[in-house]
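Residues per chain are reported as follows:
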Amino acid sequence: MTSTVDASVRIATPLAAAHLTTDVVVIGGGPAGMAATARAAEAGRRVVLLDEGPNVGGQIWRHRARATLGAEARRWLDRLSRSPAEVYHGLAVVDIVPSVGDGPITVVAERHRGGPVDIVHAGALVLATGARERFLPFPGWTLPGVIGIGGAQAMVKQGASFARRRVVIAGTGPLMLPVAATLSAAGARVVLVAEQARASAVRDFALSLLWHPETLAQAALYRLAFLRSPYEFDTWVTEATGRDRVEAVMVSAGRRTRRVSCDLVCTGYGLVPNVELPRLVGCAVAEGAVVVNEQQATSVPGVFAAGEVTGVGGVSLALVEGEIAGAAAAGAVRPDSALVRRRAALRGVAASLERTFAPRAELRSLARDDTIICRCEDVRLASVARLASSRQAKLYSRAGMGACQGRVCGSALEFVLGWAPGTVRPPAEPARLSTLAAAVPSTVDIAASTPTSGH
Amino acid sequence: MTRPRPDAIVVGAGIVGAACAAALAGEGLRVLVLEAEVAALGTTAAGMGHLVVMDDSPDQLALTKYSTSLWAAQSDTLRTASELEWCGTIWVAEDDAQMDAVRAKRQLYAEHGIESVVLDERELARREPHLRPGLAGGLHVPGDGVVYPPTAALAMLDLARERGAEVREGTRVEEIIPHGVRFAGTTVHADVVVNAAGAAAAGLTPGLPVIPRKGHLVITERHPGFCRHQIVELGYLTSAHVLTGESVAFNVQPRGTGQVLVGSSRELVGWDPSINRQVLARMIERACRFMPALASLTAVRTWTGFRPATPDKLPLIGRWPDTPGLWIAAGHEGLGITTSLGTAALLADLVVGRDCAIDAGPYAPDRGLSVVAE
Amino acid sequence: MSGTPPAGPTVTIHADDRTARVPAGISVAAALLELGVGAFRRSVSGEARGPLCGMGTCHECRVTIDGTAHRRSCLILVAEGMRIETGAPSEIAS
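Residues numbered from 1 in each chain as written. Chains lettered and ligands numbered in written order. Predicted model: local features only at pLDDT ≥ 70, side-chain atom pairs only at ≥ 80, totals over all residues. Heavy atoms only, no water.

Engineer: Looking at this structure, I do not really get the overall build of chain A. What am I missing?
Structural biologist: Looking only at helices and strands, chain A features 13 helices and 24 strands. Here chain A has a C-alpha radius of gyration of 24 Å; the compact-globule value for 455 residues is 23 Å, and the two agree. Oriented by its inertia axes, the alpha-carbon framework of chain A measures out at about 85 × 60 × 40 Å. Of all 455 residues assigned to chain A, the portion counted as buried reaches 56%. By sequence separation, contacts in chain A at least 24 residues apart represent 65% of the contacts at least 6 residues apart. (Helix = DSSP H or I, 4+ residues; strand = E, 2+ residues; numbered from the N terminus. Rg over C-alpha atoms; globule rule 2.2 N^0.38 Å. Buried < 20%, exposed > 50% of the residue type's maximum accessible area, 1.4 Å probe, protein only. Contact = heavy atoms within 4.5 Å.)

So, in structure tokens, the structure goes:
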């Protein structure tokens with residue numbers, strides 16, 4: 001006699017899902033996201049803002065105490081908190097399901113500390129996911145004590161103290177100035193700031209900023225804060241050495257190479273827009289940035305993007321784009337013309353910035369055969385250098401298969417080997433299996449039945 | 001420049017094509033492997049990489065048993081490159097009725113010389129503490145294992161090259177003709193042409209009863225020691241057996257890295273590679289039903305792949321009479337990694353005209369299967 | 001690590017075999033850096049690794065917090081009584 005076991009009983013999912021319905025959901029609480037949220041809420045829409053960090057502010061306005069922020073940041077924080085928008089932080093968006101027909105866009109988020117999965121159903125989405133630093137591999141870059149330039153800024157703002165550390169800052173771009181100033185003010189000894197760009201290029205860029213004297217004044221103030229530290233152009237770090245943490249770096253200016261002892265190295269070569277979530281929901285991306293129209297609308301209906309994710313351009317541009325996106329997501333028929341003019345001017349500066357501080361060709365050859373290029377899986381350059389694509393590298397060597405999902409190695413190898421990034425699938429960040437299971441309610445029970453006799 | 005005519009052309013450099021190329025080259029044939037894209041990046045790269053005996057039918061049992069013994073006999077080089085680990089399999093029974101099936105399975109395996117041990121509830125829990133309490137028991141098959149398929153296939157291609165084979169990637173065969181193939185405006189002739197094009201094999205051989213059967217997988221971060229064996233629910237056989245609609249079945253596998261690979265799902269949706277969030281969610285739910293602690297593990301990646309499915313769950317190994325010179329090595333469903341070596345050995349025997357180690361009749365491509373199974 | 005307790009509100013955390021009072025509102029990563037922790041985790045080949053990006057992207061700052069492995073310490077603030085373990089993730093508790 002055969003009896004069939006009906007194994008279709010579903011387990012009670014231990015963690016429930018908390019559903020939220022809203023008009024506009026904004027992902028990313030930096031300047032662009034804050035501006036979009038405030039604007040959309042002021043237009044009378046229900047708005048939910050989601051941010052991965054411990055507080056809003058993104059990178060540039062990261063803070064523990066409000067008093068540490070400048071006036072503009074505090075104005076926007078006030079404007080955000082005065083608005084009726086709901087702000088949630090400490091959760092990572094792991095999936096976005098585009099709308100089907102007239103249905104909502106669904107955003108799935110996981111709280112770092114555990115708890116229910118947050119599922120937000122929204123009519124419109126604003127992606128303000130910002131940008132991350134581009135790290136380029138060099139021998140010894142995985143040693144503890146080698147951190148990002150923005151990374152140093154972030155760590156200090158979240159409470160780290162690098163007092164009494166001997167610091168080498170080696171990278172590119174204006175971000176090195178405030179970071180050097182912050183570290184000096186906090187008691188670190190900045191022994192060298194190495195800018196890989198050519199002195200002539202940076203000088204031309206600085207001259208172009210004469211139209212924006214307040215920017216030059218700010219830069220000068222920063223430089224004063226660490227005036228005793230050498231600031232060298234055409235210079236970069238070729239190697240970090242040390243046993244369990246960094247103890248020295250080799251610094252090159254082309255032909256000359258010298259050793260500088262240090263116990264903290266801040267390094268980063270530009271910013272890379274965080275286009276993973278936009279790509280997951282289907283947005284068109286060009287040259288590594290989300291493509292948007294004059295309303296900051298992406299190629300996906302109902303989805304807008306603003307800030308660094310549409311192209312690295314700084315705080316002022318992010319705020320303008322955020323306002324336009326927020327208004328558009330709230331239903332504005334056309335963008336505010338003053339904002340449009342301001343955006344055009346600021347984009348010009350952004351383009352000039354990118355040209356000036358583009359990483360130089362020598363930085364492609366710093367990694368040696370045995371240099372780890374995928375930090376999550378400890379894959380060395382030799383394992384991937386002769387392969388043709390990021391996908392091939394991933395499957396043959398596991399490079400890009402780890403926790404950072406190719407964010408660090410992918411951006412590095414895009415510069416070093418010219419590879420395009422691979423496909424994006426959920427989860428957009430590592431997520432608990434329960435999050436993936438709870439996100440979508442099953443409508444049909446799946447039966448697995450087993451006859452008990454015969455084969 | 002004219003090159004010498006190959007004795008055999010293998011179409012497809014997945015693990016089955018790679019194994020066949022190595023085997024035929026080992027027989028002294030001059031082998032040319034033509035791969036449309038990049039070696040081992042198709043179904044081979046998407047699977048779980050299990051080496052497992054499976055008894056959906058006696059013929060499946062015979063082939064998987066033969067194949068796992070060939071894996072055990074492989075060189076150190078191949079086993080190291082494949083990251084082969086003999087972690088064994090535990091089939092899980094939820095209740096007494098399934099325990100009867102477990103005991104019958106043990107009996108069947110014993111008759112075929114496959115070692116297995118019946119586990120009661122306590123023994124099951126001892127071996128796999130994260131399985132939920134209240135399960136009836138299971139069957140431990142220690143002779144099963146796990147490999148990392150892409151590097152296994154690449155190692156087989158290297159072996160083929162050492163034996164004189166040539167491998168051309170980025171070369172898409174447009175048509176298989178009597179004793180030859182056409183690609184990029186060229187025709188190359190060979191006495192033997194092997195269609196090892198996996199889930200796409202029917203595109204080159206019209207009438208071949210192979211269709212794509214989509215599966216989802218998800219892999220976690222490193223949680224070393226979470227599970228020690230490959231663990232499968234008995235219902236997996238049913239899920240694999242019934243070639244209709246959509247099903248999920250619990251199947252987890254510990255990787256050598258300490259990551260946990262979670263499956264499985266089956267759907268017939270053509271070639272859509274996108275993640276179906278509902279199927280993924282049901283698959284994970286089902287897995288958590290058996291191992292509740294899975295729920296709090298961190299998932300890093302999800303992906304899909306296409307199993308080459310045939311109506312009777314057996315692969316096609318042997319001549320394709322409609323086209324002179326054409327041989328088939330395709331249709332392995334979820335057992336391509338396991339049976340790659342058995343397939344290659346049988347194919348080599350058939351091509352050179354030697355008696356096969358096991359009866360190859362059940363896998364004959366022209367055994368009268370209908371094209372589209374429903 | 002300096003001998004004087006931090007000014008302002010503090011919380012007590014347990015980091016590996018140490019118990020320490022750290023300023024409230026700082027990130028777990030900042031707290032571990034303050035305590036002189038060099039190796040937040042061990043890489044696949046056993047290298048010591050510490051935070052790199054500071055903003056949740058690189059996943060190098062992962063530690064086990066209150067029994068759950070692979071938590072990005074730069075994104076999580078310290079809390080009273082928090083248990084932090086560095087190094088390789090231990091087997092998940094049943």
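Resuming the write-up.
Engineer: Can you help me understand the nonpolar core in this one?
Structural biologist: In a soluble, globular protein the nonpolar side chains are often hidden away together inside. Counting 100 residues, the largest nonpolar core has Val168, Val249 and Val384 of chain A together with Leu24, Val31, Trp71 and Val194 of chain B as its most contacted members. With ten residues, helix H1 (residues 15-26) of chain B is the single largest residue contributor to this core. Beyond its immediate chain neighbours, meaning those up to four positions away, valine 168 of chain A contacts Val191, Leu192, Val237, Val249, Val260, Cys262, Leu264, Val265 and Cys266 of chain A. Counting 46 residues, the second largest nonpolar core, distinct from the first, contains Val167 and Ala181 of chain A together with Ala20 and Ile84 of chain C. (Core = buried A, V, L, I, M, F, W, Y, C linked by side-chain atoms within 4.5 Å.)

Engineer: Which parts of the structure should I look at to understand the interface of chain A and chain B?
Structural biologist: A common way to express how large an interface is: the accessible area buried when the components associate. Residue-level contacts link 45 residues of chain A with 54 residues of chain B. Of the roughly 4,200 Å² buried where chain A meets chain B, counting both sides, 57% is carbon and sulfur surface. Here chain A and chain B share three salt bridges between them. A salt bridge links arginine 398 of chain A to glutamate 83 of chain B; its shortest N-O distance comes to 3.1 Å. Summed over the shared surface of chain A and chain B, the result is 14 residue pairs in polar contact (both at pLDDT 80 or more). Pairing of strand E23 (residues 431-432) of chain A with strand E17 (residues 298-309) of chain B involves two bridges; the strand directions are antiparallel. If you follow alanine 431 of chain A over to E17 of chain B, its bridge partner there is alanine 299 of chain B. (Buried area = accessible area lost by both parts, 1.4 Å probe. Salt bridge = Lys/Arg side-chain N within 4 Å of Asp/Glu carboxyl O. Polar contact = N/O pair within 3.5 Å; in protein donor to acceptor, adjacent residues only side chain to side chain. Pairing = 2+ DSSP bridges.)

Engineer: Where do I start with the interface of chain B and chain C in this structure?
Structural biologist: Contact residues are listed per partner, giving twelve residues for chain B and eight residues for chain C. The junction of chain B with chain C conceals about 820 Å² of combined surface from both sides, 57% of it contributed by carbon and sulfur atoms. Looking only at chain B, the three residues that lose the most surface to chain C are His130, Arg222 and Pro224 of chain B, adding up to 43% of its buried area. Here chain B is connected to chain C by one salt bridge. The partner of glutamate 221 of chain B in a salt bridge is arginine 62 of chain C, with the nearest N and O atoms 3.0 Å apart.

Engineer: Can you help me understand the confidence of the model for chain B in this one?
Structural biologist: Close reading of the predicted structure is inappropriate where its pLDDT is low. Scored by pLDDT, chain B comes out at a mean of 95, with 98% of its residues at no less than 70. Two numbers describe this predicted complex: its pTM, 0.93, and its ipTM, 0.94. (pLDDT = per-residue confidence, 0-100.)

Engineer: What should I look at first to understand the sheet that holds strand E1 (residues 8-11) of chain B in this one?
Structural biologist: The strands making up a sheet associate through backbone hydrogen bonding, with each pair oriented either parallel or antiparallel. Residues and elements named next belong to chain B. One open sheet holds the six strands; their spatial order is E8-E2-E1-E12-E19-E18, and the pairing between them is mixed. Edge positions in the open sheet fall to strand E8 (166-168) and strand E18 (316-319), since each of these has one partner strand only. Each adjacent strand pair in this sheet contributes to an overall mean axis angle of 15°, direction not counted. Judged from the four bridges that link them, E1 and strand E12 (residues 192-195) form a sheet pairing that is parallel. Note on E12: the bridge partner recorded for valine 11 is asparagine 195. Contacting E12, E18 and strand E19 (326-330), helix H11 (residues 336-352) crosses the sheet at an angle of about 10° to E18. (Axes fitted to C-alpha atoms, helices over the stretch in contact; angles between N-to-C directions.)

Engineer: How should I be thinking about the confidence of the model for chain A in this particular structure?
Structural biologist: The share of residues in chain A with pLDDT of 70 or more is 93%, and the mean pLDDT across the chain is 91. Residue range residues 442-455 of chain A is modelled with pLDDT below 50. Its contacts to residues more than four positions away, or to other chains, number 43 contacts.

Engineer: Quick question: what am I supposed to make of the pairing of E12 of chain B here?
Structural biologist: Walk down a regular strand and you will see the side chains alternate between the two sheet faces. Residues and elements named next belong to chain B. The side-chain alternation of E12 yields two buried faces, one formed by Val192 and Val194 and the other by Val193 and Asn195. Summarising the sheet, E12 and E19 pair through three bridges and their orientation is parallel. The residue of E19 that forms the bridge with valine 193 is leucine 326.

Engineer: Looking at this structure, how should I read the packing of aromatic side chains?
Structural biologist: By convention here, two paired aromatic rings are described through the distance between centres and the angle between planes. Within this structure, the stated rule accounts for five aromatic pairs over all chains. Between phenylalanine 250 of chain B and phenylalanine 290 of chain B the ring centres are 4.7 Å apart and the planes differ by 5°, which places this aromatic pair in the stacked class. Here phenylalanine 250 of chain B is found in strand E15 (residues 247-254), whereas its partner phenylalanine 290 of chain B is found in helix H10 (residues 277-290), with 40 residues between them in sequence. In textbook terms, an aromatic cluster arises when at least three aromatic residues are bridged by ring pairs, as seen for Phe226, Tyr231 and Phe233 of chain A. Sitting over the face of the ring of tryptophan 91 of chain B, lysine 105 of chain B holds its NZ or CZ atom 4.1 Å from the ring centroid. (Phe/Tyr/Trp six-rings, centres within 6.5 Å; stacked < 30°, edge-to-face > 60°. Lys NZ or Arg CZ within 6 Å of the ring centre and 35° of its normal.)

Engineer: Any chance you could explain the sheet that holds strand E1 (residues 10-15) of chain C here in plain terms?
Structural biologist: Residue and element names in this part refer to chain C. One open sheet accounts for five strands, arranged E2-E1-E7-E5-E6; its pairing is mixed. Two strands close off the open sheet at either side, each with one partner strand: strand E2 (18-23) and strand E6 (68-72). Between one strand and the next, the sheet's axes are offset by a mean angle of 40°, whatever the strand orientation. Where strand E5 (residues 62-65) lies against strand E7 (residues 82-85), two bridges are found, and the strand directions are antiparallel. Residue pairing across strands places threonine 64 opposite glutamate 85, the latter belonging to E7.

Engineer: I'm lost on helix H7 (residues 149-162) of chain B in this one. Help?
Structural biologist: Residues lying three or four places apart along an α-helix face the same way, a consequence of the helix completing one turn every 3.6 residues. Residues and elements named next belong to chain B. For H7, spanning 14 residues, the distance from its first C-alpha to its last is 20 Å, which sits close to the expected 20 Å at 1.5 Å a residue. All of the buried residues in H7 are Pro149, Pro150, Thr151, Ala152, Ala153, Ala155, Met156, Leu157 and Ala160. Just downstream of H7 lies glycine 164, where phi reads positive at about 100°. (Expected span 1.5 Å × (residues − 1).)

Engineer: What's the story with the pattern of salt bridges in this structure? I'm lost.
Structural biologist: Using the criterion set out here, one finds 50 salt bridges over all chains in the structure. The salt bridge partner of arginine 103 of chain B is aspartate 100 of chain B, with a shortest N-O separation of 3.3 Å. Remark: aspartate 100 of chain B and arginine 103 of chain B occur in helix H5 (residues 96-111); sequence separation between them is three residues, near one turn of the helix. Ionic pairing is found between glutamate 85 of chain C and arginine 83 of chain C, a salt bridge with its closest N-O pair at 3.9 Å.

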